[in-house]
Amino acid sequence: MKLIMALGADHAGRELKKAVKARLEELGWAVVDFGVADEVEKADYPTVADAVAQAVEDGRCRFGTLVCGTGVGMAMAANRRRGVRAANCTSEYMARLSRAHNDANVLTLGERVVGTGLALSILEAFLAAEFEGGRHQRRVELMS
Ligand code: RB5
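Please read these numbers as outputs of a predicted model, since none were measured by experiment.

Thoughts on the sheet that holds strand 4 (residues 86–88)
Inference 1: Strand order in the open sheet formed by five strands is 2-1-3-5-4, and the pairing between neighbours is parallel. Each end of this open sheet is capped by a strand with a single partner; those strands are strand 2 (30–33) and strand 4. Strand-to-strand, the axes of this sheet are offset by a mean angle of 25 degrees, without reference to chain direction.
Inference 2: Note: strand 4 against strand 5 (residues 106–110), three bridges, orientation parallel. Looking across to strand 5, one finds that Ala 87 is bridged to Leu 107.
Inference 3: Against the sheet, helix 2 (residues 45–57) touches strand 1 (4–9), strand 3 (63–68) and strand 5, its axis set at about 170 degrees to strand 3.

Side note on the pattern of salt bridges
Inference 1: Summed over the entire model, instances satisfying the criterion amount to eleven salt bridges.
Inference 2: Of the charged contacts, one joins Asp 38 and Lys 18 as a salt bridge, the two residues approaching to 3.2 Å between their closest N and O atoms. Of the two residues, Asp 38 is situated in the loop between strand 2 and helix 2 and Lys 18 in helix 1 (residues 14–26); the sequence distance between them amounts to 20 residues.
Inference 3: Among the residues examined, Lys 18 registers a relative accessible area of 39% and is labelled partly exposed.
Inference 4: Two residues, Asp 103 and Arg 85, come together in a salt bridge whose shortest N-O distance is 3.2 Å.

With respect to the side chain of Asp 103
Inference 1: Take Asp 103: it is sitting in the loop between helix 4 (92–100) and strand 5.
Inference 2: There is a polar contact of 2.9 Å between the side chain of Asp 103 and the side chain of Arg 99.
Inference 3: If sequence neighbours within four positions are ignored, Asp 103 has contacts with Arg 85, Ser 98, Phe 131 and Val 140.

Description of the site of the ligand
Inference 1: Around the ligand lies a shell formed by Asp 10, His 11, Ala 12, Tyr 45, Cys 68, Gly 69, Thr 70, Gly 73 and Arg 112.
Inference 2: Asp 10 is positioned such that a nitrogen or oxygen atom in its side chain is 2.6 Å from an oxygen atom of the ligand.
Inference 3: Within the side chain of Arg 112, an N or O atom sits 3.3 Å from an oxygen atom of the ligand.
Inference 4: Relative to its free-state accessible area of 290 Å², the ligand is covered by the protein chains to the extent of 72%.

Examining the pairing of strand 5
When a strand is regular, its side chains alternate between the sheet's two faces.
Inference 1: Of all five residues that make up strand 5, five are buried, and the element is covered over most of its length.
Inference 2: Side chains Val 106, Thr 108 and Gly 110 project from strand 5 onto one buried face, and the interleaved Leu 107 and Leu 109 project onto a second face that is buried too.
Inference 3: Relative to strand 5, strand 3 is paired through five bridges, and the arrangement is parallel. Opposite Gly 64, over in strand 5, you have Val 106 as the bridge partner.

Rules used throughout
- Residues numbered from 1 in each chain as written.
- Predicted model: local features only at pLDDT ≥ 70, side-chain atom pairs only at ≥ 80, totals over all residues.
- Heavy atoms only, no water.
- Pairing = 2+ DSSP bridges.
- Helix = DSSP H or I, 4+ residues; strand = E, 2+ residues; numbered from the N terminus.
- Axes fitted to C-alpha atoms, helices over the stretch in contact; angles between N-to-C directions.
- Contact = heavy atoms within 4.5 Å.
- Salt bridge = Lys/Arg side-chain N within 4 Å of Asp/Glu carboxyl O.
- Buried < 20%, exposed > 50% of the residue type's maximum accessible area, 1.4 Å probe, protein only.
- Polar contact = N/O pair within 3.5 Å; in protein donor to acceptor, adjacent residues only side chain to side chain.
- Near = heavy atom within 4 Å.
- Areas by Shrake-Rupley, 256 points an atom, 1.4 Å probe, with all protein chains shown as cover.

All quantities given are derived from atomic positions and should not be read as evidence of function.
Here it is as structure tokens:
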């Protein structure tokens, strides 16, 4: 599958989103940027999250990454979409296990919670991990 990432942030996640976008492009990912643009003073995280989640749900993008102040609102909003499993991660361990056990397809990050270096390590851990299937497959299916 082509490596396409849907990316979005509200005003509180805008700076970290720029760093995430740069790292994704270094890693060879095509990025579809759902904003918000620098000109937008305040953005509603549910609106951005839903646009990114929809792109993952309908298969336009393999994964999504969303950034807000905490990552919490973005995860809540993205998880309203069928087939979307958004994980708010604050460590590489959470990121790896969110893929390996939960088959997460959207990563959410909090710009006010994690520094840029840690956030990029979390992103890379998320991308490097594979869903293990097996007993985890049935549990993931129980969520849908
Ligand atoms: C914006 O102030 C903040 O509420 C938002 O970015 C996010 O943290 C919500 O979950």
